[in-house]
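Per-entry structural report
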Amino acid sequence: MLQLWTAVRKVPTWVFPAAIGLFVLVLPLLGPGYELTRQIELTLILALVVSGLNISLGYAGQLAIGQAAMYAAGAYTAGMLSSAGHTDLLLQIVAAGLAALAVGILTGIPGLRLGSWSLAMTSFFLVLLVPDIVDIFEEDTGGHLGLSTMLNPTLFGRSLAPDAMYYVIVIVAIIWFAVFRNVVASRHGIAFQVLKQSPVLASSVGMSVFRTKLTGYAIGAVPAGFGGALLANLDLFVTPEAFTFHMATGALAASILGGSMSVYGAVFGASIIQFNNDQSSNFAEYSLVFFGAFLLIGGVLLRGGVAGLLRTGIRRLDRAAGLWPRRPAGAAGGGEAGGGAADAVDLPPIEGGALEVDAVAKAFGGNRALREVSLRAEPGQVTALIGPNGSGKTTLLNLVCGFYRRDAGRITVAGTAIDGASPHRIARLGVTRTFQTPLIPPGVSVAEVVISGRYTSDEVGFLSAVLRGPKFRRIRRHDLARAEDMLRLVGLAHLFDTEAATLPLGQRRMLEVARALVREPKVLLLDEAASGLDEAEVETLAAVIRRIRDAGCAVILVEHNFGLVLSLADRIVVLARGAVLAEGTPEEIENDVRVRDEYLGIVEPGDAPAVEEAGTLPERTAK
Amino acid sequence: MTLIYAGLSLGAVYALVAIGYNIVFIASHSFNFAQAQLMMIGAFVTYTGYVTFKLPTVAVLALAMVVVAVLSAIEERIAIRPVSDHQTQLITTLGFGTILTGVAQLIWGTQPLQVPFFAGAEVLTILGGRVFPVEVALVVFAVALVVAITFYTRRRMGGLAVVAMSQDEEAATLRGIDVRMLAFAAFAVTGVLGGLMGAAIGPKTFAVASLGAALAIKGFVALAIGGFGSMYGGLLGGFAIGLVEQYVARYLGSNFTNLSVFVLLLLVLMIRPTGLFGRVQERTV
């Protein structure tokens, strides 16, 4: 049994959907009859709409339920083109896709600014507007009576027989799902997941949060437009009744049921909903109740939809057959067991850059978190930033990364002033960071997490991700090789294929370091990278940090572990109550009286500064 | 004047939906998509109470409140509690709302039903404008409700507990607040109010299954204009939409009412994404 499974798994995964697609394509040869072909046509059209939802909802994490409006935009574009004598189906499909894209972009921009509810509601609103807009342009759209002046479609100058629409629909669906699958498997797909986990993380690897969201939302509109054009040509009739709220809910239910974060789940979900829709009228009365129940059950019980169940099943069989976790080709020789010390990997020289912070100030209301703070971190050095809780360390990091706007002062990275740049622009200048609480998207392998750090290096366009040309393959190979190097450096190479979110804290911290490093940053900010690590892990971390420094990167270490700081840092900056208390080499800091008092809490009798400071209440801001 | 009255009373309907969203939002930071559908059920129950059972007003109101509160409690149990993240709650509450719409269609059909109002339907003339008693009642009800809720959340222990829970659930638990119970209670109270609101809006909007979707949207726009969590904001937002709709319908045609509200929503989101009374949050990491 398991041998059979092993044999099945040797077949590349794309073969199965391709085989099913081919089967559906040649189905008419078996004479299935009108009912079945009609069902398949409608299911595939719905599946196109649903797959758009899967991109925007499942992958990009944007709850947009306006797919019905984009579907309508596509259908009416095709219908009006056809009525005007432009019967070429290819032209209509392309135009419909573009029209849907335009609707998606125009309505997505305002909704995306606020995220979840706003987008859900603006897109939901869009669906309610369809009949109004159709009525307003009654002359072109036929109003609520429908558009019935469409001409028979042609393809490459030849008129299409009614039966031929079946082939057109199946082929469009096959092409679209191939495109969809390639986009999802590319770094753009991973980028969506990173964004879904945390916008902060996404911008810190150099992604523009807004643009990535908009891209996901807009791409999701395109297949809905295709579907609309196909629907219009299937019946040569367009009516606003096909694009109601009922339809929108049905599409959402199909997406949730099939599994929003899946490619082929859309087809499955669509077939269930379509089957439900088609049951003669006495059953249709219950359809809203069913859709609602699907949404409820799908949301509560079936977190990944049917596709998620299938995936878990496959994973289980793989494990039983010993096929998982896979190892990368190179890792087999590594020989390390359980995340030991860093391997002797060559870390190529990194072109570091100095980080200069000059008289920066930041206040939150009346709380002056930072006042006139200046420091300089040189490339090839570890600059440690220490200070008690609430002294402004994390605020400073957030200012450097652009998550806060500073009130005064200047920050430059390798000589370039960051001014008011947004976080992703600063990331692109070569600043990268780790987080106090590691941010790792769920459901992504360790290797992909590292690769997500390379989002800005070797840009891969959507088109090349879809076509998978030689350039795409070369970059992908390079990505994998780099990820493996970095993982070996931090001692995680043996976990290459494991789901990253399941790792223990220490390994997740190391993984964050690998992700930050894979981009060859000029400046690396480590935000309490050692907290929660055991002694062996701290040692590994220290060794890794030394090698990063020797490679030429400017490392800023925010840390509470004083011993680690003393052993690692070339320079130490001590912050207290929002200002620089002391700065110097580890020896100087270790012997600085005020630091001993303020930070280490060693009060020496007769110590003048300590008495003086005692008059002011220490500010403690909430973490 | 007549136009203004019509706009204000329609706005009061939207404001009531916004208030419903706000209570749940303040209590649990989640968004109850099914709020408008609950009110729709309230309107239907009121109709049944008056027309089918011929009950007195007090009994009708009590019936509507009880039915909707029970539905609301069920929703909290099956659509909110088992789901932890707010994104999925949007989907499950939408699912619950869809079920309610479907059930309402099965029970009451798809034709609009005229819900009677206890103070009659004789047209009043105030300051030169003509207005139905129910319209006056709606505006008064919405304003009174907002004032009462604001008083409760600022001055009373129970209200403060709700606010505490919304700010920091763990800290609230440590202060001895039963967070689960309170969130549940907030839902049940929303249900009671929802029933009452349904009874109030029914005479104005008619009871019809498609009411839910339209109200859900407009209520949301009211909230977006006013700012999430702001009671007065929701009220003002509701009135603003009502007035815009009435004026647009009068001077441009009824095809343009939804479109104009949509444009209004987009403008607000573009210019002031947090709404008129919303607050900005800076800390991200």
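Scroll up to find the structure.
A brief look at the structure comes next. The written sequence of each chain sets the order in which its residues are numbered from 1. Here every chain gets a letter starting at A, and every ligand a number starting at 1, in the order they are written. Note on the predicted model: pLDDT of at least 70 is required for a residue's local features to be given, and 80 or more for side-chain atom pairs to be given and counted; whole-chain, interface and lining totals, by contrast, use all residues. The side-chain figures draw on all heavy atoms in the structure; neither hydrogens nor water molecules are used.

It is worth spelling out the overall build of chain A at this point. Looking only at helices and strands, one finds 27 helices and 12 strands in chain A. For each residue, the accessible area found with a 1.4 Å probe, counting protein chains only, is set against the maximum for its type, and the residue is called buried under 20%, exposed over 50%, and partly exposed in between. Counting over 623 residues, chain A shows a buried share of 56%. The contact criterion used throughout is that any non-hydrogen atoms of two residues lie within 4.5 Å. Within chain A, counting contacts between residues at least 6 apart in sequence, those at least 24 apart form 77% of the total. As presented, chain A carries roughly 25800 Å² of accessible surface, and 60% of it is formed by carbon and sulfur atoms. In this tally, Asp and Glu contribute negative charge and Lys and Arg positive charge; neither His nor the terminal groups of the chain are included. Here the site of a charge means atom NZ of a Lys, CZ of an Arg, CG of an Asp or CD of a Glu. One finds the centroid of the 51 positive side-chain charges in chain A at a distance of 4 Å from the centroid of its 55 negative side-chain charges. Working definition: helices are DSSP H or I runs of at least four residues, strands are E runs of at least two. Numbering for both runs from the N terminus. For the accessible areas, the method is Shrake-Rupley and the probe is 1.4 Å, while residue cover comes only from the protein chains on display.

The next thing to look at is the nonpolar core. Judged by nonpolar contacts, the single largest core of 162 residues is most densely connected at F124, L230, F243 and L252 of chain A together with L16 and I19 of chain B. For this core, the element with the highest residue contribution is helix 3 (residues 34–59) of chain A, accounting for 13 residues. Setting aside its immediate chain neighbours within four residues, L230 of chain A contacts I45, L48, I93, M165, V168, I169 and V172 of chain A. Membership of the second largest hydrophobic core comes to 98 residues, among which are V413, L487, L525 and I556 of chain A. We call a set of buried Ala, Val, Leu, Ile, Met, Phe, Trp, Tyr and Cys residues a nonpolar core when their side-chain atoms join them within 4.5 Å.

On to the pattern of salt bridges, then. Salt bridge, as used here, is a side-chain nitrogen of Lys or Arg placed within 4 Å of a carboxyl oxygen of Asp or Glu. Taken as a whole and assessed by the stated rule, the structure comprises 15 salt bridges over all chains. With a closest N to O distance of 2.7 Å, E448 of chain A and R476 of chain A form a salt bridge. In this pair, E448 of chain A is assigned in helix 19 (residues 446–452) and R476 of chain A in helix 21 (residues 470–490), connecting sequence segments 28 residues apart. Looking at E448 of chain A, the relative accessible area reads 15%, which means it is buried. Residue R476 of chain A is classed as partly exposed on the basis of its relative accessible area of 25%. A salt bridge links E135 of chain B to K204 of chain B, with the nearest nitrogen and oxygen atoms 2.7 Å apart. Taken together, the residues E135 of chain B in helix 5 (residues 133–155) and K204 of chain B in helix 8 (residues 179–205) connect sequence positions 69 residues apart. E135 of chain B gets classed as buried once you look at its relative accessible area, which sits at 9%.

A few words now on the sheet that holds strand 6 (residues 408–413) of chain A. Residue and element names in this part refer to chain A. One open sheet accounts for 4 strands, arranged 4-3-6-7; its pairing is antiparallel. Two strands bound the open sheet, and with one partner strand each, they are strand 4 (367–377) and strand 7 (416–417). Strand direction decides the pairing type here: strand 6 and strand 7, joined by 2 bridges, are antiparallel. Counterpart to T412 in the pairing with strand 7 is A417. Helix axes are fitted only over the stretch in contact, all axes being lines through C-alpha atoms; the angle between N-to-C directions runs from 0 to 180 degrees. Contacts from helix 17 (residues 393–401) reach strand 3 (355–364), strand 4 and strand 6, with the element oriented near 115° to strand 3. Two strands qualify as a pair provided that DSSP identifies no fewer than 2 bridges between them.

What follows is about the interface of chain A and chain B. Listed by partner, the interface residues are 54 residues for chain A and 48 residues for chain B. Buried area adds together the accessible area that both of two parts lose upon being put together, with accessible area traced by a 1.4 Å probe. Here chain A meets chain B over a buried area of about 4400 Å², counting both sides, of which 78% is carbon and sulfur. Seen at the junction of chain A and chain B, the total is 0 salt bridges. Polar contact is defined as a pair of N or O atoms within 3.5 Å, subject to the rule that within protein one atom must be able to donate a hydrogen and the other to accept it, and that residues adjacent in sequence are counted only when both atoms are side-chain atoms. Counting the contacts that link chain A with chain B gives 1 residue pair in polar contact (both at pLDDT 80 or more). Going through the elements one at a time, helix 5 (89–114), helix 6 (116–136), helix 12 (245–258), helix 15 (287–300), strand 3 and helix 17 of chain A are the ones with two or more residues in the side of chain A that touches chain B. A per-element tally of the side of chain A that touches chain B places helix 6 of chain A first, with 15 residues. Throughout this entry, Asp, Glu, Lys and Arg are counted as charged residues, while Ala, Val, Leu, Ile, Met, Phe, Trp, Tyr, Cys and Pro are counted as nonpolar. The remaining residues, Gly among them, count as polar. Taken together, the residues that form the side of chain A that touches chain B break down as 33 nonpolar, 12 polar and 9 charged.

On to the packing of helix 21 of chain A against helix 22 (residues 505–517) of chain A, then. Packed helices, taken two at a time, are described by the angle between their axes plus the distance between the axes. All names here are of chain A. The contact between helix 21 and helix 22 brings their axes to 9 Å, and the two run at 140°. In terms of orientation, helix 21 lies oblique with respect to helix 22. The hand of the helix 21/helix 22 crossing is right-handed. Between helix 21 and helix 22, the residues in contact are R482, M486, L487, L489 and V490 and M510, L511, V513, A514 and L517, respectively. For the contact of helix 21 with helix 22, the residue count by class is 9 nonpolar, no polar and 1 charged. Under this scheme an angle from 65 to 115 degrees is roughly perpendicular, one under 35 degrees roughly parallel, and one over 145 degrees roughly antiparallel; angles in between are oblique. Left-handed describes a crossing in which the near helix is turned anticlockwise from the far one by less than a right angle; the clockwise case is right-handed.

So, about the sheet that holds strand 12 (residues 579–584) of chain A. Residues and elements named next belong to chain A. Strand order across the open sheet formed by 6 strands is 8-9-10-5-11-12, with mixed pairing between neighbours. The outermost strands of the open sheet, each flanked by one partner alone, are strand 8 (431–433) and strand 12. Within this sheet the neighbouring strands show an average axis-to-axis angle of 20°, counted without direction. The sheet contact formed by strand 11 (residues 571–576) and strand 12 spans 5 bridges and is antiparallel. Looking at the pairing, I572 lines up with G584 of strand 12. Seen against the sheet, helix 17 touches strand 5 (382–386), strand 8, strand 9 (523–527), strand 10 (554–558) and strand 11 and runs at an angle of roughly 145° to strand 9.

The next subject is the environment of A253 of chain A. Residues and elements named next belong to chain A. Along the chain, A253 turns up in helix 12. Distance in space between the C-alpha atoms of A253 and A270 is 8.8 Å, their sequence separation being 17 residues. Contact partners of A253, with chain neighbours within four places excluded, come to I273, F291, F294 and L295.

Before going further, it helps to examine helix 23 (residues 535–551) of chain A. All names here are of chain A. Working rule for helices: expected span equals 1.5 Å times residues minus one. When the terminal C-alpha atoms of helix 23 are compared, their 24 Å separation across 17 residues agrees well with the 24 Å that a helix rising 1.5 Å per residue should span. Within the sequence span of helix 23, burial applies to V538, T540, L541, A542, V544, I545, I548, R549 and A551. Buried-residue contacts for helix 23 involve strand 5, helix 21, helix 22, strand 9, strand 10 and helix 24 (562–568). Measuring from the backbone nitrogen of A536 back to the side-chain oxygen at the start of helix 23 gives 3.2 Å, which picks out D534 as the cap.

It is worth spelling out the side chain of N54 of chain A at this point. Its place among the elements puts N54 of chain A in helix 3. A polar atom in the side chain of N54 of chain A sits 2.6 Å from the side chain of S255 of chain A.

What follows concerns the packing of helix 10 (residues 231–251) of chain B against helix 11 (residues 257–271) of chain B. Residues and elements named next belong to chain B. Interhelical geometry of helix 10 versus helix 11 gives an angle of 140° and a closest axis separation of 9 Å. One way to sum up the angle between helix 10 and helix 11 is to call them oblique. Crossing angle aside, the handedness with which helix 10 passes helix 11 is right-handed. Residue-level inspection shows I241, V244, E245, V248 and A249 of helix 10 in contact with helix 11, the latter providing T257, N258, S260, V261 and L264. Residues of the contact of helix 10 with helix 11, tallied by class, amount to 6 nonpolar, 3 polar and 1 charged.

Moving on: the pairing of strand 10 of chain A. Strand residues, when the strand is regular, have side chains that alternate between the two faces of the sheet. All names here are of chain A. Counting buried positions along strand 10 yields 5 of 5 residues, so the element is predominantly enclosed. Where burial is concerned, the two faces of strand 10 agree: the one with A554, I556 and V558 and the one with V555 and L557 are both buried. In this sheet, strand 10 lies alongside strand 5 in parallel orientation, the contact comprising 4 bridges. In the sheet register, V382 faces strand 10, and the bridge partner there is V555. Strand direction decides the pairing type here: strand 9 and strand 10, joined by 5 bridges, are parallel.

This paragraph deals with a positive patch on the surface. Note that patches include only residues with greater than 30% relative accessible area and no salt bridge, and the join distances are 9 Å for like charges and 5 Å for nonpolar side chains (Val, Leu, Ile, Met, Phe, Trp, Tyr). Taken together, K471, R473, R474 and R477 of chain A make up a surface patch of like positive charges. Mapped onto the fold, R474 of chain A is located in helix 21.

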